[in-house]
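As a plain string of letters, each chain reads:
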Amino acid sequence: MELCHKWGIPHSQFRGHGDGTWSDLDRRKALAYAHYLRSVCPTCGTRPEEWDEHLGGDEDAYRATTHRCTGCQLIQDRQKTVPDGDEGHGVKVALIPTSVAAALELHSQHH
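Residues numbered from 1 in each chain as written. Predicted model: local features only at pLDDT ≥ 70, side-chain atom pairs only at ≥ 80, totals over all residues. Heavy atoms only, no water.

K.L.:
Could you clarify how one ought to interpret the overall build of the protein chain in this entry?
P.N.:
Each helix and strand counted, the protein chain has six helices and zero strands in total. Taken against the 2.2 N^0.38 rule, which gives 13 Å for 111 residues, the C-alpha radius of gyration of the protein chain at 23 Å runs more than 25% over that of a compact globule. Expressed as lengths along the three principal axes of its C-alpha atoms, the size of the protein chain is roughly 60 × 45 × 30 Å. Classification of the 111 residues of the protein chain by burial places 13% in the buried group. By sequence separation, contacts in the protein chain at least 24 residues apart represent 13% of the contacts at least 6 residues apart. Of the roughly 9,600 Å² that the protein chain leaves accessible, carbon and sulfur atoms contribute 54%. For the protein chain, the distance from the average site of its 12 positive side-chain charges to the average site of its 16 negative ones is 6 Å. (Helix = DSSP H or I, 4+ residues; strand = E, 2+ residues; numbered from the N terminus. Rg over C-alpha atoms; globule rule 2.2 N^0.38 Å. Buried < 20%, exposed > 50% of the residue type's maximum accessible area, 1.4 Å probe, protein only. Contact = heavy atoms within 4.5 Å. Areas by Shrake-Rupley, 256 points an atom, 1.4 Å probe, with all protein chains shown as cover. Lys, Arg positive; Asp, Glu negative; His and termini not counted. Charge placed at Lys NZ, Arg CZ, Asp CG, Glu CD.)

K.L.:
Looking at this model, I keep getting lost on the packing of aromatic side chains. Mind explaining?
P.N.:
Here the distance between the centres and the angle between the planes together describe a pair of aromatic rings. Counting across every chain of the model gives three aromatic pairs. Taking the centre distance of 6.3 Å and the plane angle of 50° together, the rings of Trp 7 and Phe 14 count as tilted. A ring pair is formed by Trp 51 and Tyr 62, whose centres lie 5.4 Å apart and whose planes are at 45°; its orientation type is tilted. Taken together, the residues Trp 51 in helix α4 (residues 48-51) and Tyr 62 in the loop between α4 and α5 (70-79) connect sequence positions 11 residues apart. Residue Trp 51 is classed as partly exposed on the basis of its relative accessible area, which comes to 33%. (Phe/Tyr/Trp six-rings, centres within 6.5 Å; stacked < 30°, edge-to-face > 60°.)

K.L.:
Explain the environment of Val 93 here, please?
P.N.:
With respect to the helices and strands, the residue Val 93 is situated in the loop between α5 and α6 (98-109). Setting aside residues no more than four positions away along its own chain, Val 93 makes contact with Ile 75, Arg 78, Gln 79 and Val 82.

K.L.:
Please explain the side chain of Asp 26 as it appears in this structure.
P.N.:
Mapping Asp 26 onto the fold places it in helix α3 (residues 24-39). Put simply, Asp 26 is tucked away with no salt bridge, and the nearest opposite charge, on Lys 29, sits 5.4 Å away. Within polar-contact distance, the side chain of Asp 26 engages the backbone nitrogen of His 11 at 3.4 Å. In contact with Asp 26, other than residues within four places in its own chain, are Pro 10, His 11, Ser 12 and Thr 21. (Salt bridge = Lys/Arg side-chain N within 4 Å of Asp/Glu carboxyl O. Polar contact = N/O pair within 3.5 Å; in protein donor to acceptor, adjacent residues only side chain to side chain.)

Here you go:
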């Protein structure tokens, strides 16, 4: 259903059945999936039911862990160089492949 939601297609079409029109079952599935998505915490990705033992969950359903994303680290390091005030307003830090960065640098040197 995640791909159907993302692509805006009926589940029956995704499965290779039907002609792409939305059946009643497709609509019910899409609405159920939308309801499910609204129940997921946007920060941690869990649902309250997963933690609630009265609803079949477990208070120990997940463990917190850490990991380092090198890309996020590079972005945060570069973000520190963005000036404060008006000069830094609207400045975004993004990752681009090294080969693209080299090509852009070469292009800027010739123009």
